[in-house]
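Descriptive structure summary
Listed below, chain by chain, are the residues.
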Amino acid sequence: MRNHFRVPAIDAGPWSLAVTGLVERRLMLSLTDLDRLPSETRVVTLECAGNGRRFLTPAVDGEPWGLGAVSTAEWTGVPLAVVLDRAGVLHTATDVVFRGADHGSVPGPAGEIFFERGLSLPAARDGDVLLAYAMNGEALSFQHGFPVRVIVPGWYGVASVKWLSAIELTDHPFAGYFQTTKYRYEVEGTAEPVTLQRVKALITEPTEGADLPPGETVIRGVAWSGAAAIANVQVSIDGDYWQDARLLGERRRHSWRRWEVLADLDRPGEHKIRARATDLAGNTQPESPIWNRYGYGNNAVQTLSVRVAPRADRSRTDTSPR
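No experiment lies behind these values; they were computed from the predicted model shown.

What counts, and where the lines are drawn
Residues numbered from 1 in each chain as written. Predicted model: local features only at pLDDT ≥ 70, side-chain atom pairs only at ≥ 80, totals over all residues. Heavy atoms only, no water. Phe/Tyr/Trp six-rings, centres within 6.5 Å; stacked < 30°, edge-to-face > 60°. Helix = DSSP H or I, 4+ residues; strand = E, 2+ residues; numbered from the N terminus. Buried < 20%, exposed > 50% of the residue type's maximum accessible area, 1.4 Å probe, protein only. Lys NZ or Arg CZ within 6 Å of the ring centre and 35° of its normal. 1 Å grid on protein atoms, 1.4 Å probe; cavity = no way out; pocket = protein on both sides within 12 Å on 5 of 7 lines; lining within 4 Å. Points joined across faces, edges and corners; volume = space filled by probe spheres on them. Nonpolar A, V, L, I, M, F, W, Y, C, P; charged D, E, K, R; others polar.

Per the stated rule, a full pass over the model turns up seven aromatic pairs. Their ring planes at 40° and their centres at 4.6 Å tell us that phenylalanine 115 and phenylalanine 178 sit as a pair that is tilted. Residue phenylalanine 115 is located in strand β6 (residues 112–120), and its partner phenylalanine 178 is located in helix α4 (residues 177–181); the two are separated by 63 residues in the primary sequence. The residues phenylalanine 115 and phenylalanine 178 share a single accessibility class, namely buried. Ring centres 6.2 Å apart and planes at 50° place the aromatic pair tryptophan 224 and tryptophan 256 in the tilted group. Pair noted here: tryptophan 224 is in strand β15 (residues 215–224) and tryptophan 256 is in the loop between β18 (246–247) and β19 (257–265), with a separation of 32 residues, a long-range link. With relative accessibility at 2%, the residue tryptophan 224 sits in the buried group. What links up through ring pairs into an aromatic cluster is the set Phe5, Phe115, Tyr177 and Phe178. Note that arginine 198 overlies the ring of tyrosine 185, its terminal NZ or CZ placed 4.1 Å from the centroid. Above the plane of the ring of tryptophan 242 lies arginine 276, whose end atom (NZ or CZ) is 4.1 Å from the centre.

Turning our eyes to something else, we now look at the layout of surface pockets. As a volume, the largest pocket reaches approximately 480 Å³. Elements with a contribution of two residues or more to the lining of the largest pocket: β3 (40–47) and β4 (70–79). Ranked by residues supplied to the lining of the largest pocket, first place goes to β4 with three residues. Classifying every residue of the lining of the largest pocket gives 14 nonpolar, seven polar and five charged. Approximately 270 Å³ is the volume attributed to the second largest pocket. As for the second largest pocket, its lining consists of 18 residues, and the residues nearest its centre are Asp61, Gly62, Lys182, Tyr294 and Tyr296. The residue makeup of the lining of the second largest pocket, split by class, is nine nonpolar, three polar and six charged.

Distances and angles like these do not, on their own, reveal function.
Here it is, written out as structure tokens:
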């Protein structure tokens, strides 16, 4: 979980979602209203844009995430397109702004601001974007955005605004603090917005520093990408050739894919395990982190160290008395 401001206290009874701006009909939707609209359920992987930030050199400011700022859940809610159609989007509208109920102070702007993010209208009309009110079959918890949050599959988590209070249709791109000041890849005077998750494989088994017996070891993990489904995952031991892993389960467009490979770790001592993923759009992971001012989007190939114990000497004869 990652919040920029304090979790707001929201009473679901009087809560409503305002849909305003360049629409034919202004809407005020209660939780009951949303529950009556057509719903869909999607399995979606969300990753913080700062996941892996602490591995950048030189170090950058921000939450010093290792590799754990990612999760996958089953989200249920109303497709955003259904709500936009009900409001009637005017032909002059080009962008959609989402406002959360959480607010606070940030460097620069005077006073407090709300957490807000924007999407272009075509991106917002993507049929996979949800106004989610349930997670894994249960109502959202306060920490995860109760009563309603946006889920933008494939994008870094910042786009999936929690504690949603308002949706506004505008005729210009949103230029708020969390859109144009933060959440941009800034390198040597250039800036590019943070959008889709970069392709990444994560080793989940064994763990860093694990002590393993000699012989065959199963290496497992997950892989995901915002641009396309995973095409393949490869694993290398001690810089040797890349071995294809076996992809498990069904392919889901916006969810991580589990994978595994059998490796022979017979030599005692330390071993380096590396994993890299490639998606169906042809994107693959870089060898080292791509540095940027705020440490976003680090998808460098992961390297994990394990230790293998010496194999027991089976040639010795048991001479103990019988």
